[in-house]
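Here are the chains, one letter per residue:
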Amino acid sequence: MARQLPLDLPGSPPRYDRASFVRADCNDAAWRAGEAWLKSSEPALVVCGPPGAGKTHFAHALVEGLDAATLTAEALAAAPYGDGVAIIDNMPAADPRAFLDAFETGAGQGRRFVLAGEGHPSLWAMGLKDLRTRLEAAPRASLADPDEALIRAVIAKGFRDRQVAVAPSVIEYAAPRLPRTFAAARAFVALADRTALEEKRKITTPFVQKLLDNLSEGGPAA
């Protein structure tokens, strides 16, 4: 039975560009929904899914190249005027009425919104009927937890981006033993690369096995 290891490691700030976004079966429908929204005149796209599903990366990758800004719901409510696309990445808003008023003001001026959050979007309205109607009518990109195939792809891309050659068996060994989140996959790649450089070793399956065993035991990564 593969172990699921906690892997909460410090690392570089995440990249949210389109080049680092990995398409796979589990997020393909969401991506196609996002592309359809870009071609439409709908003011808002709702992006929902569980923690660690990649909602923030999805939102930024989708609108890359456009005039886009990331705001909190509270910042939008305080200053609703603006151009381009507003990514609101902390739905639900603490004050749904103030948020709805700001949303309506911005949408009336042609501004577009990517609204991202956890749970079912209807719950983001917090009982405010008009906001719930808006959220339920908006096109939706629903992200699921990344599957093992996507985790393998993220690990492989992480090593390629670092110009580190690893055998497919390394990725096959590591993927089912990591938490099924993008952050864990990227943290693993960073840790393996750093440890291999420090120890002047190649990243092989035995190396990764020892690395993950040490993590599971709470020992130093060696």
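For the structure, check the block above.
Remember, predicted model here, so these are calculated numbers, not experimental data.

1. A look at the overall build of the chain
Scanning the chain for helices and strands turns up nine helices and five strands. Going from the N terminus to the C terminus, the chain shows its helices and strands as α-β-α-β-α-β-α-β-α-β-α-α-α-α. For the chain, the C-alpha atoms occupy an extent of roughly 60 × 30 × 30 Å along the three principal directions. Here the chain holds 222 residues, and the buried ones make up 44% of them. Taking contacts inside the chain between residues at least 6 apart in sequence as the whole, the part at least 24 apart equals 72%. Here the chain carries 26 positive and 27 negative side-chain charges, and the mean point of each set is 5 Å from the other.

2. Examining the pattern of salt bridges
Enumeration according to the criterion identifies 11 salt bridges in this entry. For Glu148, the salt bridge identified is with Arg152, shortest N-O distance 3.3 Å. Note that Glu148 and Arg152 are positioned in helix H6 (residues 148-161) at a spacing of four residues, about one turn of the helix. Taking the relative accessible area as the measure of exposure, Glu148 reaches 26% and is therefore partly exposed. Classification of Arg152 as partly exposed rests on a relative accessible area of 24%. Notably, a salt bridge pairs Arg180 with Glu148, separated by 3.5 Å at the nearest N-O pair. Here Arg180, found in the loop between helix H7 (168-174) and helix H8 (182-199), pairs with Glu148, found in helix H6; they are 32 residues apart in sequence, far enough to count as distant. Through salt bridges with shared partners, one network takes in Glu148, Arg152, Glu172 and Arg180.

3. Points about unusual backbone geometry
Following Met91, the chain continues to Pro92 via a peptide bond in cis, the omega torsion being 10 degrees. Here Pro92 shows up in the loop between strand S3 (85-91) and helix H4 (96-108). Of note in the backbone geometry, Met126 takes a positive phi value of approximately 55 degrees without being a glycine. Assignment of secondary structure puts Met126 in the loop between strand S4 (112-117) and helix H5 (129-137). For Gln163, which is not a glycine, the phi torsion comes out positive at approximately 55 degrees. Within the secondary structure, Gln163 is located in the loop between H6 and H7.

Conventions we followed
Residues numbered from 1 in each chain as written. Predicted model: local features only at pLDDT ≥ 70, side-chain atom pairs only at ≥ 80, totals over all residues. Heavy atoms only, no water. Helix = DSSP H or I, 4+ residues; strand = E, 2+ residues; numbered from the N terminus. Buried < 20%, exposed > 50% of the residue type's maximum accessible area, 1.4 Å probe, protein only. Contact = heavy atoms within 4.5 Å. Lys, Arg positive; Asp, Glu negative; His and termini not counted. Charge placed at Lys NZ, Arg CZ, Asp CG, Glu CD. Salt bridge = Lys/Arg side-chain N within 4 Å of Asp/Glu carboxyl O.

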